[in-house]
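Reading the structure
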Amino acid sequence: MSVPDYQQCAEDHQTVLVVVQPLGVVPEDQFFRIYRRVASVSQVSVRGDGQRTLYIRYRHHYPPENNEWGDFQTHRKAVGLVAVACCGSAREWAHTSERFHGLKERFAATLYDSRLLVFGLSGEIAEQQRTDVAFYPTFDDCADVEKRVEDFVESIFIVLESKRLDRATDKAGDKIPLLCVPFEKKDFVGLDTDSRHYKKRCQGRTRKHVGDLCLQAGMLQDALVHYHMAVELLRSVNDFLWLGAALEGLCSASVIFHYPGGTAGKSNTRKPSISTATDSGKRHRPGAQEVLIDPGALNSSGISADTSTEIGRTKNCLSPDDIMEKYKEAISYYGKYKNAGVIELETCVKAVRVLAIQKRAMEASEFLQNAVYINLGQLSEEEKIQRYSVLSELYELIGFHRKSAFFKRVAAMQCVAPTIPEPGWTACYRLLLETLPGYSLSLDPKDFSKGTHRGWAAVQMRLLHELVYASRRMGNPGLSVRHLSFLLQTMLDFLSDQEKKEVTQSLENYTSKCPGGMSIITLPDGLQLPPVPFTKLPIVRSVSLLNLPASLRPHKVKGLTGQGVTSASPFIYSPISMHRGDDRSTKIDFQWVQGDVCEVQLMVYNPMPFELRVENMGLLTSGVEFESLPAALSLPAESGLYPVTLVGVPRTAGNITVNGYQTSVFGVSSDCLLDSLVGVKSSGCMVEVVPSLPRLQLSTSLPRAAQMCGEDLSSGVCLQLFNGETQQLTITLENIGSEDLHTLEVSSKTLTTKEKLFGEFLSWDMHDALSRLPLKAGQALALTVNISAKLDFSGQESLLQDLNDDGISVTGLPISSPLRQVLKPRPENKQVNKQANTDSNKSDYNHVKTLEAVLSFRYSGGPGRVDGYYRELSLGVRVDVEPSVFFTRISTLPATSTRQCHLLLDVFNPTEHELTLSAKNQELVLHSSECQRMAIQVDRFDFESLSVPSHDAVRQGSAYEQEEERQQLQGGLISRTLDLRWTIPSLRRQGEASVEGVLTQLVLEHLQLAPLQWDVLVNGHACDCDVVADCRVGDAVALEVKLTNRSKGSVGPFSLTVVPFQDYQNGVQNYELQDAVTFIGSNTFYIDSVSPAGKSVCVGALLFLYTGDFYLSIKFQGDSAGQQDLPAACFSLPSIHVRAQDPIEAAA
């Protein structure tokens, strides 16, 4: 026997073999359809003294040489034949009948019964009633096939039972035939058939044969007794081959008893059955010892017809441990015979299946190791493949997965051996796939993404390379790309630099013919190969969603709650986080805008030893419609962390989640999800997309400047102005978005500065700009902004010494002037100061001041405006202010009128150019570094009439702040009245000047109107210090004194006395003028109490008797309690100059 049956198991000794074969031309699918229905009748309960079950084993192919071993083991004997044929006419039926007869002749030596199933024949022939032939019109119309097979099996049982009885009751005495295996027949020629040794051999073999028949007939206990007897007889004559068969039969019977469910491990396990009533009473305890045989129970032929006495004295079967010992002994006997290699191999397989049930893996491996080295002679390639495959399955059965994978791989390589004319690459590929679990490999890259690597990487890489090669030889480049991608992704850490280059080159060659993608590949057998994304090419370490630029960020109008804002906490603020999920599901606290380009930054690095080119790298998102804008990048070999920015445009509003990114590397397109990336840092991948908003682009009439420190600005301008100069800035706002602009608001903020600013730094008029709204897409509007730099014009005490050291002459100042200052740096320090301008810390000698402000444009429109969103565009304005003029000193002198005074200004020109300063109708020309004094006559100011702002900040401020605010208002009034302006003709530059920073409290008091205002009128004309009142001698002169109370309290009563005198301009004054001047009435006036803002008028008259210049001195007398703590100057009245003339001269 040369063809082993690797599917055999111990319980197959209990079965009868039925061969099912097609006759003539029968469609393969129809034949196997009938074959499966026939094979479904695998056990049949037969009638007899007790209920017994006959088990049937079906084969559609059975070599005749194996049938020759039927006497050695009866389960190898083909006792039944079922033929399937197709006939369409009577002529074909005749040929079919002849073929059926010829087929029976092949198995005639062992055949018990046969059946022929004919399909497609109808008519008279089909109506014949024959037990061995069944006619069916079609393959679909054959409902009683199973019933006919059962009847066929019962007929086989009848023949089997009769043969068992014939063998068991053989009374032929010494003429017992010698059963032989095919290779023994020539060895027994010429033996002495009358010797006792020969007779025992015949008895032992026959007893073993009867045991096989009893086992097939369902009489388990009888079979055990016969096997035990056969063992004793055959052991005594050293008939080792048949002794091994008897021991194997004994083991098989014991296995059937202990494991009624079978050892084949199939899903359709056999149903346990009870062979006899005697067996039924003894199943409750498994057998443990060998049978004790009484030699007296044997008749003269050595075979007892009645085995009841032996049954009563036996414990039926072997224990599980003894089964394995007997199997080992039987295999050792088989090993003595070269021609019994197939029997030995099948016995090893049967023993392994039993040990697998007993979970004794190490002992089973010893049997398998023995099976590996059994020599079966010259095997065909197909038989080798089958042998290695069975060894693999058995190793898998006992849990030796890696050993199983090894033999499965050997079988795969055998499929494409060089000796095979047509290598089976498909079978090789299928077998290689089956080896993957044994080597801790799977086809899903997710299994390799977490945890430590399992298995031997070198073996796994070899196996993956073989899968790539096999799939290529199969003509399926898509499979090659998938497996090579899997190799590169999962084994990257174990590849050398040279191997990385070779694998990537191979991958590029394959993808040039068949690009790799993310589709699932389904094999013909239904196995699915999941996609392999290249998450390591490149490796991503962090993912960050970037906020929009400051000029494009959406802002929510205050007071409007966001649509998606919900809180599980009833409190306004809760320190407990209500959502503690994965960071990647956290919503980011900024927003993107529909229709605007958004950015996501990835920190990546290249692990390859060569430059890595990544194409079509884009974002994978969900939640809203998103247009990804792919990018291409090239990473240097083994680069460090490298920032990559991926962009896209959300087309709808809502919440968008960045799920991952897509790449194309080496011709393989990959969708890499963030959830599958290990060690990736992310601050959140969900962001809200607000509805679309307009987008403004800002341009200015001045050149742009660098960004200002500490401010995130859209743009900036820088300009240079002299102190007090004003320049216009034209700002153009163009709507470059797709939505109309409906609202526009402009505001400014002066950045914190140590310089005090007077007046408005930035001012504008929105009327023309607002008239252009709504601003359509593509349209623009212009806005004019006035930039006024008005800082303190006062000099600095610390630089007084600098003037003296330079030796610069100061003209126009008295030698005794306490302040002679220059604010111009020394010539040798100019270069130093230029360098100091670049630093934030200005030197003391650098007098260029810097003003910074931010001009903000808040605008909105489109759907975003409906939801309460707006954008803000900011423009930084930086002004370097150079000094124009300095007021080094300010003082006052009284004027001829009590309502006026002279304001003295010491003016210094710190510029390098000639400068003209004008005030009212006066002009002062100053050369470079020249200081002069300017006297300006001004009316005194009514500061009490100024209204102080009543806003909360002033009311709640300190007394110092209130006083400072009051002085600022007073200084502004004085500056507006003076209207100081400077001009630099050579530069055609002009501006304003202000004395606000120079004014002192004393100067302010001098410039303020007195609390008590006295007015003296002569003949109805007001007289002051510089006014001469003319009158005629002898005419009455009317004198009127008017008092206006501007203080906060009542004053008076007072008395005023008019005293005339003459001044000779030599220091002598004459008060004795009783003869020259006479009063009409009294020369003393009485004034009662005058309330605040009240007035009092005193009227009198006097007469001049002589011509000349006279002066009237008005003396004040009053109670100190009525003066209300007012200064003494308030109670001094000016002298009145009266010139008395002759009437004729006066008329002339």
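Remember, predicted model here, so these are calculated numbers, not experimental data. (Residues numbered from 1 in each chain as written. Predicted model: local features only at pLDDT ≥ 70, side-chain atom pairs only at ≥ 80, totals over all residues. Heavy atoms only, no water.)

1. Some points on the packing of aromatic side chains
Inspection of the entire model under this criterion finds 23 aromatic pairs. Ring centres of Phe119 and Tyr136 lie 5.3 Å apart, and the angle between their planes is 25 degrees; on these two criteria the pair is classed as stacked. Of this pair, Phe119 sits in strand β5 (residues 113-119) while Tyr136 sits in strand β6 (residues 133-136); the two residues are 17 residues apart in sequence, bridging distant segments of the chain. What makes Phe119 buried here is its relative accessible area of 1%. Classification of Tyr136 by relative accessible area gives buried; the value is 5%. (Phe/Tyr/Trp six-rings, centres within 6.5 Å; stacked < 30°, edge-to-face > 60°. Helix = DSSP H or I, 4+ residues; strand = E, 2+ residues; numbered from the N terminus. Buried < 20%, exposed > 50% of the residue type's maximum accessible area, 1.4 Å probe, protein only.)

2. Some thoughts on the nonpolar core
Leu488, Leu537, Leu545, Trp592 and Leu602 are the most contacted members of the largest nonpolar core, which has 83 residues in total. A total of seven residues in this core trace back to one element, the largest contributor, which is helix α16 (residues 457-473). Ignoring sequence-local partners within four residues, the contact set of Leu488 consists of Leu495, Val503, Thr504, Leu507, Phe534, Leu537, Met608 and Phe666. (Core = buried A, V, L, I, M, F, W, Y, C linked by side-chain atoms within 4.5 Å. Contact = heavy atoms within 4.5 Å.)

3. Description of the pairing of strand β17 (residues 654-665)
The two faces of a sheet get side chains in turn, since along a regular strand they alternate between them. The pairing of strand β13 (residues 612-622) with β17 spans six bridges and is classified as antiparallel. Residue pairing across strands places Thr621 opposite Val658, the latter belonging to β17. In terms of strand pairing, β17 meets strand β18 (residues 668-673) through six bridges, oriented antiparallel. Bridging from a neighbouring strand, Ser664 pairs with Ser669 of β18. What sits between the antiparallel neighbours β17 and β18 is a turn of two residues, in which Phe666 has the positive phi angle 55 degrees. (Pairing = 2+ DSSP bridges.)

4. Section: the packing of helix α15 (residues 425-435) against α16
Orientation of α15 relative to α16, taken along the N-to-C sense of each, is 155 degrees, at an axis distance of 9 Å. Taken together, the axes of α15 and α16 are roughly antiparallel relative to one another. Between α15 and α16 lies a crossing whose hand is left-handed. Between α15, through Trp425, Tyr429, Leu432, Leu433 and Thr435, and α16, the contact on the second element is made entirely by Leu463, Glu466, Leu467, Tyr469, Ala470, Ser471 and Arg473. Here the contact of α15 with α16 is composed, by residue class, of eight nonpolar, two polar and two charged. (Axes fitted to C-alpha atoms, helices over the stretch in contact; angles between N-to-C directions. Parallel < 35°, antiparallel > 145°, perpendicular 65-115°, else oblique. Left-handed = near helix turned anticlockwise from the far one by under 90°. Nonpolar A, V, L, I, M, F, W, Y, C, P; charged D, E, K, R; others polar.)

5. Re the confidence of the model for the chain
Counting all residues, the mean pLDDT for the chain is 81, and 82% of those residues have values of 70 or more. Note that residues 797-845 has pLDDT below 50 and, in this model, 70 contacts with residues that lie over four places away or in other chains. (pLDDT = per-residue confidence, 0-100.)

6. Let's talk about the sheet that holds strand β36 (residues 1012-1018)
With antiparallel pairing, the five strands of this open sheet are ordered in space as β37-β36-β39-β44-β42. Strands at the two margins of the open sheet, each flanked by one partner only, are β37 (1021-1022) and β42 (1077-1080). In this sheet, β37 lies alongside β36 in antiparallel orientation, the contact comprising two bridges. Its bridge partner lying in β37, Val1018 is registered against His1021.

7. Some remarks on helix α14 (residues 401-415)
Each full turn of the α-helix corresponds to 3.6 residues, which orients residues three or four apart in the same direction. Taking 1.5 Å of rise per residue, 15 residues should cover 21 Å, and α14 covers 21 Å from first to last C-alpha, within 8% of that figure. Three or more residues of α14 are buried, namely Ser404, Ala405, Phe407, Lys408, Arg409, Ala411, Ala412, Gln414 and Cys415. Looking at the buried positions of α14, the neighbouring elements they touch are α12 (361-372), α13 (381-397), α15 and α16. (Expected span 1.5 Å × (residues − 1).)

8. A word on unusual backbone geometry
Residue Leu537 is joined to Pro538 through a cis peptide bond whose omega torsion reads -5 degrees. For the bond from Leu773 to Pro774, the omega torsion is -5 degrees, close enough to zero to count as cis. Within the chain, Asn238 stands out as a residue other than glycine whose phi angle is a positive 55 degrees. Mapped onto the secondary structure, Asn238 falls in the loop between α6 (220-236) and α7 (240-258). For Phe666, which is not glycine, the phi dihedral falls at a positive 55 degrees.

9. What to know about the pattern of salt bridges
Counting across every chain of the model gives 37 salt bridges. Among the ionic pairs, Asp212 bridges to Lys208, the shortest N-O distance being 2.5 Å. Of this pair, Asp212 and Lys208 both sit in helix α5 (residues 196-216), four residues apart, roughly one helical turn. The exposure class of Asp212 is buried, given its relative accessible area of 4%. For Lys208, a relative accessible area of 0% gives the class buried. The salt bridge partner of Arg1032 is Asp1035, with a shortest N-O separation of 2.9 Å. On the basis of relative accessible area, Asp1035 is assigned to the partly exposed category, the value being 29%. (Salt bridge = Lys/Arg side-chain N within 4 Å of Asp/Glu carboxyl O.)

10. Notes on the sheet that holds strand β32 (residues 922-926)
If you trace the four strands from one edge of the open sheet to the other, you get β32-β31-β34-β35, paired in antiparallel fashion. Whereas interior strands pair on both sides, the edge strands pair on one side only; in this sheet they are β32 and β35 (989-992). Here the strands of the sheet are splayed against their neighbours by 20 degrees on average, with no regard to which way each runs. In this sheet, strand β34 (residues 981-984) lies alongside strand β31 (residues 915-919) in antiparallel orientation, the contact comprising three bridges. Its bridge partner being in β34, Leu917 is matched across the sheet by Trp982.

11. Considerations on the environment of Ile256
Tracing the backbone shows Ile256 in helix α7. On the basis of relative accessible area, Ile256 is assigned to the buried category, the value being 9%. Expressed as a C-alpha distance, the spacing of Ile256 and Asp12, which sit 244 residues apart in the sequence, is 9.5 Å. Contact partners of Ile256, with chain neighbours within four places excluded, come to Ala10, Glu11, Gln14 and Leu215.

12. Description of the environment of Glu146
In this fold, Glu146 is placed in helix α4 (residues 145-168). Once the C-alpha coordinates of Glu146 and Val38 are considered, the two residues, 108 residues apart in sequence, prove to be 6.2 Å apart. If sequence neighbours within four positions are ignored, Glu146 has contacts with Arg37, Ser40 and Val41.

13. Observations concerning the side chain of Asn735
As for its placement among the helices and strands, Asn735 is situated in strand β23 (residues 726-735). Within the structure, the side chain of Asn735 is placed 3.2 Å from the backbone nitrogen of Gly737, a separation counted as a polar contact. A polar side-chain atom of Asn735 sits 2.8 Å from the main-chain carbonyl oxygen of Glu739. Those residues within four positions of Asn735 in sequence are excluded, and the remaining contacts are Pro694, Arg695, Leu696, Asp740, Leu741, Leu775, Lys776, Ala777, Gly778 and Gln779. (Polar contact = N/O pair within 3.5 Å; in protein donor to acceptor, adjacent residues only side chain to side chain.)

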